Amino acid sequence: MTNAHRTNIGEQHPTAYKALIALSMEADKNAAAAGLDPLLVELIRIRTSQINGCAFCLRMHTREALKKGENPDRIAVLPAWAESAYFSERDRAALRLTEAITLVSVGHVTDEDYAAAADVLTSDQISAVAWLTTVMNSFNRVAITSRYHVGD
């Protein structure tokens, strides 16, 4: 892929990009206050980026998860989290909600998906997962649209 004819939209409108970064920082604070494990936060970012196909964010958040001590096996099987014993009930609830939010155009966030999250997560945790996912979807779109370089 080439970015020869792509505008880096974060550089073109830096105030908007800085606002997205500020929103991300606020989402991180809310996730911590809600008691979400920092490793789960990174898995939410990775799963969102996997669904969206954002190589730049996948590389960044996989590295960050590993640095924080995430098990490489959990990252490797993340696309098949529902079929793996690596994930706790809380992880599963958050990942299911993350997928529903990221794939909102496919079926919206169904009552079933929301109820599955609400059975395990507090209202604060549901909101934190939703904001983390929303922000990550936005960063994915910035990176993909701008064709952020990944690799050599």
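Draft legend 1. Seen up close, the packing of aromatic side chains. Under the defined criterion, the tally for this structure stands at two aromatic pairs. With 6.0 Å between their ring centres and 80 degrees between their planes, Tyr 17 and Phe 139 make a pair best called edge-to-face. Of this pair, Tyr 17 sits in helix H2 (residues 14-33) while Phe 139 sits in helix H9 (residues 123-146), and the two are 122 residues apart along the sequence. With relative accessibility at 24%, the residue Tyr 17 sits in the partly exposed group. For Phe 139, a relative accessible area of 14% gives the class buried. On the basis of an interplanar angle of 85 degrees and a centroid distance of 4.9 Å, the ring pair of Phe 56 and Tyr 148 is categorised as edge-to-face. One end of the pair, Phe 56, is in helix H4 (residues 55-67); the other, Tyr 148, is in the segment after H9, and 92 residues separate them in sequence.

Draft legend 2. Summary view of the packing of H4 against H9. Two numbers describe how H4 lies on H9: the axes approach to 8 Å, and their chain directions differ by 125 degrees. The angle between the axes of H4 and H9 places the two elements in the oblique class. Contact residues: H4 offers Phe 56, Cys 57 and His 61, while H9 offers Met 136, Phe 139, Asn 140 and Ala 143. Of the residues contributing to the contact of H4 with H9, the split by class is five nonpolar, two polar and no charged.

Draft legend 3. Fine view of the pattern of salt bridges. Under the counting rule described, the total for this entry stands at nine salt bridges. Taking the shortest distance from any N to any O, the salt bridge between Glu 64 and Lys 67 comes out at 3.6 Å. Placement of both Glu 64 and Lys 67 in helix H4 is noted, with a separation of three residues, approximately one turn of the helix. When its relative accessible area of 27% is taken as the criterion, Glu 64 is described as partly exposed. A relative accessible area of 66% means that Lys 67 is categorised as exposed. The network of salt bridges with common partners includes Asp 28, Glu 42, Arg 45 and Lys 68.

Cut-offs used in this document
- Residues numbered from 1 in each chain as written.
- Predicted model: local features only at pLDDT ≥ 70, side-chain atom pairs only at ≥ 80, totals over all residues.
- Heavy atoms only, no water.
- Phe/Tyr/Trp six-rings, centres within 6.5 Å; stacked < 30°, edge-to-face > 60°.
- Helix = DSSP H or I, 4+ residues; strand = E, 2+ residues; numbered from the N terminus.
- Buried < 20%, exposed > 50% of the residue type's maximum accessible area, 1.4 Å probe, protein only.
- Axes fitted to C-alpha atoms, helices over the stretch in contact; angles between N-to-C directions.
- Parallel < 35°, antiparallel > 145°, perpendicular 65-115°, else oblique.
- Contact = heavy atoms within 4.5 Å.
- Nonpolar A, V, L, I, M, F, W, Y, C, P; charged D, E, K, R; others polar.
- Salt bridge = Lys/Arg side-chain N within 4 Å of Asp/Glu carboxyl O.

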